[in-house]
Amino acid sequence: MPSEFQFITEWHITAPLDAVYETITHCLDWPAWWKGVVNVEKLAPGNADGVGSVHRFTWQGRIPYRFTFAMRVTGVAPLTFLEGCADGEVTGTGRWDFSRENEITIVRYHWRVHTNRRWMNVIAPVAAPVLQWNHHQVMRQGAEGMARWLNAELKTFRASAALVKTE
């Protein structure tokens with residue numbers, strides 16, 4: 001049975017909101033600054049705002065496995081949010097929220113996914129803390145990489161996770 005995970009990650013970075021938003025929306029550049037991103041391929045262009053665009057992502061965390069999924073953009077409000085649906089070795093939804101407070105841009109990512117790899121589903125009940133730690137490490141690499149990319153400072157990194165009981 002698939003295991004469902006919910007992750008929330010928050011970055012506070014001293015870069016302008018528009019620069020942070022553009023860096024996230026230009027995902028083909030992610031491998032240049034985000035260590036955990038192995039590859040990004042554009043599969044479909046979508047409309048002028050990017051809705052309907054599809055990209056295939058390959059990720060590798062600190063524990064030695066890679067996984068790949070396609071992400072279709074389902075909603076965009078420029079400088080406010082970007083959301084999509086994942087399909088592949090994980091399926092689910094992700095949403096980036098962007099805001100500004102004083103001189104800090106706040107990036108919050110909500111990721112709710114089911115694992116589709118048999119080995120992940122088998123070990124998830126006992127290995128959930130390791131899988132969650134791995135996700136947090138990848139997201140920390142993203143926050144730190146973005147700060148370097150934008151010549152900014154990462155002020156705060158927060159992460160939470162839960163393994164959801166499915167019936």
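Now for a look at the structure at hand. Because the structure is a prediction, the values reported are computed rather than measured.

### Quick look at the state of the cysteines
Moving on, step 1. Considering all chains together, one arrives at 0 disulfides under this definition.
Moving on, step 2. No disulfide involves Cys 27; its nearest neighbouring cysteine sulfur is the one of Cys 85, lying 15 Å away.
Moving on, step 3. Among the residues examined, Cys 85 registers a relative accessible area of 36% and is labelled partly exposed.

### Describing the side chain of His 136
Moving on, step 1. By the element assignment, His 136 lies in helix 3 (residues 118-149).
Moving on, step 2. What makes His 136 buried here is its relative accessible area of 16%.

### Focus: the pattern of salt bridges
Moving on, step 1. Within the structure shown, the criterion is met by 8 salt bridges.
Moving on, step 2. Here Glu 4 ties to Arg 112 by a salt bridge, and the two come within 2.3 Å at their closest N and O atoms. Pair noted here: Glu 4 is in strand 1 (residues 4-13) and Arg 112 is in strand 7 (residues 104-115), with a separation of 108 residues, a long-range link.
Moving on, step 3. Under the relative-accessibility criterion, Glu 4 is labelled buried at 8%.
Moving on, step 4. Across the pair Arg 95 and Asp 97 runs a salt bridge whose closest N-O atoms are separated by 2.8 Å.

### Examining the environment of Glu 41
Moving on, step 1. Along the chain, Glu 41 turns up in strand 2 (residues 37-44).
Moving on, step 2. Measuring from C-alpha to C-alpha, the distance between Glu 41 and Ile 63 comes to 23 Å, with 22 residues separating the pair along the chain.
Moving on, step 3. If sequence neighbours within four positions are ignored, Glu 41 has contacts with Leu 28, Val 54, His 55 and Arg 56.

### Some points on the packing of aromatic side chains
Moving on, step 1. Overall, the coordinates contain 19 aromatic pairs when judged by the stated rule.
Moving on, step 2. Judged by centre distance (5.2 Å) and plane angle (80°), the rings of Tyr 21 and Phe 98 are edge-to-face. Here the residue Tyr 21 occupies a position in helix 1 (residues 17-25), and Phe 98 occupies one in strand 6 (residues 90-101), the gap between them amounting to 77 residues.
Moving on, step 3. Using a relative accessible area of 6% as the deciding quantity, one classes Phe 98 as buried.
Moving on, step 4. A centroid spacing of 6.4 Å and a plane angle of 65° characterise the contact between Trp 30 and Trp 33, whose relative ring orientation is edge-to-face. In this pair, Trp 30 and Trp 33 both sit in helix 2 (residues 30-33), 3 residues apart, roughly one turn of the helix.
Moving on, step 5. Judged by its relative accessible area of 5%, Trp 33 is buried.
Moving on, step 6. Feature note: the residues Trp 11, Trp 30, Trp 33, Trp 34, Phe 57, Trp 59, Tyr 65, Phe 67, Phe 69, Trp 96, Tyr 109 and Trp 111 constitute an aromatic cluster, connected by ring pairs.

Quick notes on the rules
Residues numbered from 1 in each chain as written. Predicted model: local features only at pLDDT ≥ 70, side-chain atom pairs only at ≥ 80, totals over all residues. Heavy atoms only, no water. Disulfide = S-S within 2.5 Å. Buried < 20%, exposed > 50% of the residue type's maximum accessible area, 1.4 Å probe, protein only. Helix = DSSP H or I, 4+ residues; strand = E, 2+ residues; numbered from the N terminus. Salt bridge = Lys/Arg side-chain N within 4 Å of Asp/Glu carboxyl O. Contact = heavy atoms within 4.5 Å. Phe/Tyr/Trp six-rings, centres within 6.5 Å; stacked < 30°, edge-to-face > 60°.

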